[in-house]
Amino acid sequence: MGLTHIRLPKNFNLDERLERYADAIETNAPALAGRWAEACWPLEPQREDARAAYAEVHLDLGCGKGSFIAQCAHRKPEALHLGMDVEPICIAYAAQRACEERLRNMVLIPRGADALPQLFAAGELFAITLNFPTPYPKRHHARRRLVNVDHLLGFRQLLAPGGTVTLRTDSQPLWEYAKSQFPAAGYEMLWISDDVRAEHPEFPETEYERRLTEKGAHVYGICATPGPAPDDARIQEGRDAEQSLMRYLPDDLFSLDYVPLGMEAAVENFRNRERKGKKRIPGE
Ligand SMILES: C[S@@+](CC[C@H](N)C(=O)[O-])C[C@H]1O[C@@H](n2cnc3c(N)ncnc32)[C@H](O)[C@@H]1O
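Summary of the structure given here. Everything numeric in this text was worked out from a predicted model, so none of it was measured.

Attention now moves to the site of the ligand. Residues in contact with the ligand amount to 17 residues; listed here are only the nearest, Gly62, Asp85, Asn131, Thr206 and Tyr208. Threonine 206 has a polar side-chain atom sitting 2.7 Å from an oxygen atom of the ligand. Here tyrosine 208 contributes a backbone N or O atom positioned 3.0 Å from an oxygen atom of the ligand. When the ligand sits alone it has 590 Å² of accessible area, and the protein chains cover 92% of it. Considering only residue class, the shell around the ligand consists of 7 nonpolar, 7 polar and 3 charged.

What follows is the structure, given as structure tokens:
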């Protein structure tokens, strides 16, 4: 399910854009695995900097049009900020931002999460951020969710000691589901919040965050760090958890004053069934 509804300007030419902003896009990302911090350090002969590498590498996975990562790059110039997205239009917009704002410490990778093991060495990432990840509400799409136990196990390999994974979402069902998946992948929760904007205002706003909070969304979040590796039984608990996000909706759907992104049609359908006195169809 694609949730990236981007209104394109007239005469938008994707190839031309990708070429114009190519300086901020890394198309041969596997070649940099294990040496991102050094390889992306700007070569400026006049700069007598004792350091020749970024101090930390941060990854914004599913970065969208790059608003969040650009703000992070401004705020933390000593870190390299990588934005990954499967959608080339998003990469083009994010790269435009990096170029126009002269952010040398912001680099875009046009790849999906499945490529992560080829792109980074063990322990290379200081932080992975999942901002409003595509929720994939249906049971049979659960493995695509970036907070699925198997994705989280993969992230563990790439994180530096003390590294973190942070989820922020408008979707209470996705957040509830994630609360079962992080512990199953052996993470220790650093914080869990049902109002991230109030409790963690340090996070720059993302494009989706702005759009969804204007519609009445709350921002739910989790920040976690890998603990001891989980055993097979623990991992299985995550795989056995309820996988349909529909099941995490409240019983009284008419009490919902905000319907999470990606669940609008299903909620409308369930409400219509209820109006007609019919039961919900279980197991979406
Ligand atoms: C709902 S948007 C959120 C974008 C941005 N993080 C924000 O908060 O504005 C989800 C983004 O994740 C991207 N995405 C979905 N699945 C992905 C995957 N497996 N790997 C990388 N990006 C993915 C989509 O293309 C889309 O840009």
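Before going further, it helps to examine the packing of aromatic side chains. Scanning all chains against the criterion turns up 7 aromatic pairs. Between phenylalanine 12 and tyrosine 93 the ring centres are 5.7 Å apart and the planes differ by 25 degrees, which places this aromatic pair in the stacked class. Note that phenylalanine 12 is positioned in the segment before helix H1 (14–20) and tyrosine 93 in helix H4 (residues 88–100), a separation of 81 residues in sequence. Relative accessible area serves as the criterion here: at 17%, phenylalanine 12 is assigned to the buried category. Centre to centre, the rings of phenylalanine 182 and tyrosine 187 are 5.4 Å apart; their planes meet at 90 degrees, and the pair counts as edge-to-face. Residue placement shows arginine 145 over the ring face of tyrosine 177; its charged tip is 4.5 Å from the ring centre.

The next subject is the nonpolar core. Judged by nonpolar contacts, the single largest core of 56 residues is most densely connected at Trp36, Leu61 and Phe120. In terms of residues, this core owes the most to one element, helix H7 (residues 172–184), which gives 6 residues. The contact partners of phenylalanine 120, leaving out residues within four places of it in the chain, are Ala33, Trp36, Leu59, Leu82, Met84, Ile109, Leu125 and Leu158. Judged by nonpolar contacts, the second largest core, of 14 residues, contains Tyr21, Ala24, Leu103 and Met106.

Residues of strand S3 (residues 106–109) alternate between two faces, with Met106 and Leu108 on one and Val107 and Ile109 on the opposite face, all of them buried. As paired strands, strand S2 (residues 79–84) and S3 are joined by 4 bridges and run parallel to one another. Residue pairing in the sheet places histidine 81 in a bridge with methionine 106 of S3. With respect to chirality, the unit in which S2 leads through H4 into the neighbouring parallel S3 is right-handed.

Here we come to the packing of helix H6 (residues 149–158) against helix H10 (residues 232–240). With their axes 9 Å apart at the nearest point, H6 and H10 run at an angle of 135 degrees to one another. Between H6 and H10, the crossing angle belongs to the class labelled oblique. On H10, the residues that touch Val149, Asp150 and Leu153 of H6 are Ile235, Gly238 and Arg239. Residues that form the contact of H6 with H10 fall into these classes: 3 nonpolar, 1 polar and 2 charged.

Another aspect to go through is H7. For an α-helix the count is 3.6 residues per turn, leaving residues at separations of three or four pointing the same way. Relative to the 18 Å expected for 13 residues at 1.5 Å per residue, H7 spans 19 Å between its end C-alpha atoms, a close match to the ideal helical length. Along H7, the largest kink reaches about 25 degrees and is centred on alanine 178. Of the positions making up H7, those classed as buried are Pro173, Leu174, Trp175, Tyr177, Ala178, Gln181, Phe182 and Ala184. Here the buried face of H7 lies against H6, strand S5 (159–169), strand S6 (187–193), strand S7 (220–226) and H10. Positive backbone phi, approximately 80 degrees, marks glycine 186, located one or two places after H7.

What counts, and where the lines are drawn
Residues numbered from 1 in each chain as written. Predicted model: local features only at pLDDT ≥ 70, side-chain atom pairs only at ≥ 80, totals over all residues. Heavy atoms only, no water. Near = heavy atom within 4 Å. Polar contact = N/O pair within 3.5 Å; in protein donor to acceptor, adjacent residues only side chain to side chain. Areas by Shrake-Rupley, 256 points an atom, 1.4 Å probe, with all protein chains shown as cover. Nonpolar A, V, L, I, M, F, W, Y, C, P; charged D, E, K, R; others polar. Phe/Tyr/Trp six-rings, centres within 6.5 Å; stacked < 30°, edge-to-face > 60°. Helix = DSSP H or I, 4+ residues; strand = E, 2+ residues; numbered from the N terminus. Buried < 20%, exposed > 50% of the residue type's maximum accessible area, 1.4 Å probe, protein only. Lys NZ or Arg CZ within 6 Å of the ring centre and 35° of its normal. Core = buried A, V, L, I, M, F, W, Y, C linked by side-chain atoms within 4.5 Å. Contact = heavy atoms within 4.5 Å. Pairing = 2+ DSSP bridges. Right-handed = clockwise from strand over helix to strand, strands pointing away. Axes fitted to C-alpha atoms, helices over the stretch in contact; angles between N-to-C directions. Parallel < 35°, antiparallel > 145°, perpendicular 65-115°, else oblique. Expected span 1.5 Å × (residues − 1). Bend = angle between axes of the 7 residues up to and from the residue.

All we've got here are geometric facts, nothing functional implied.
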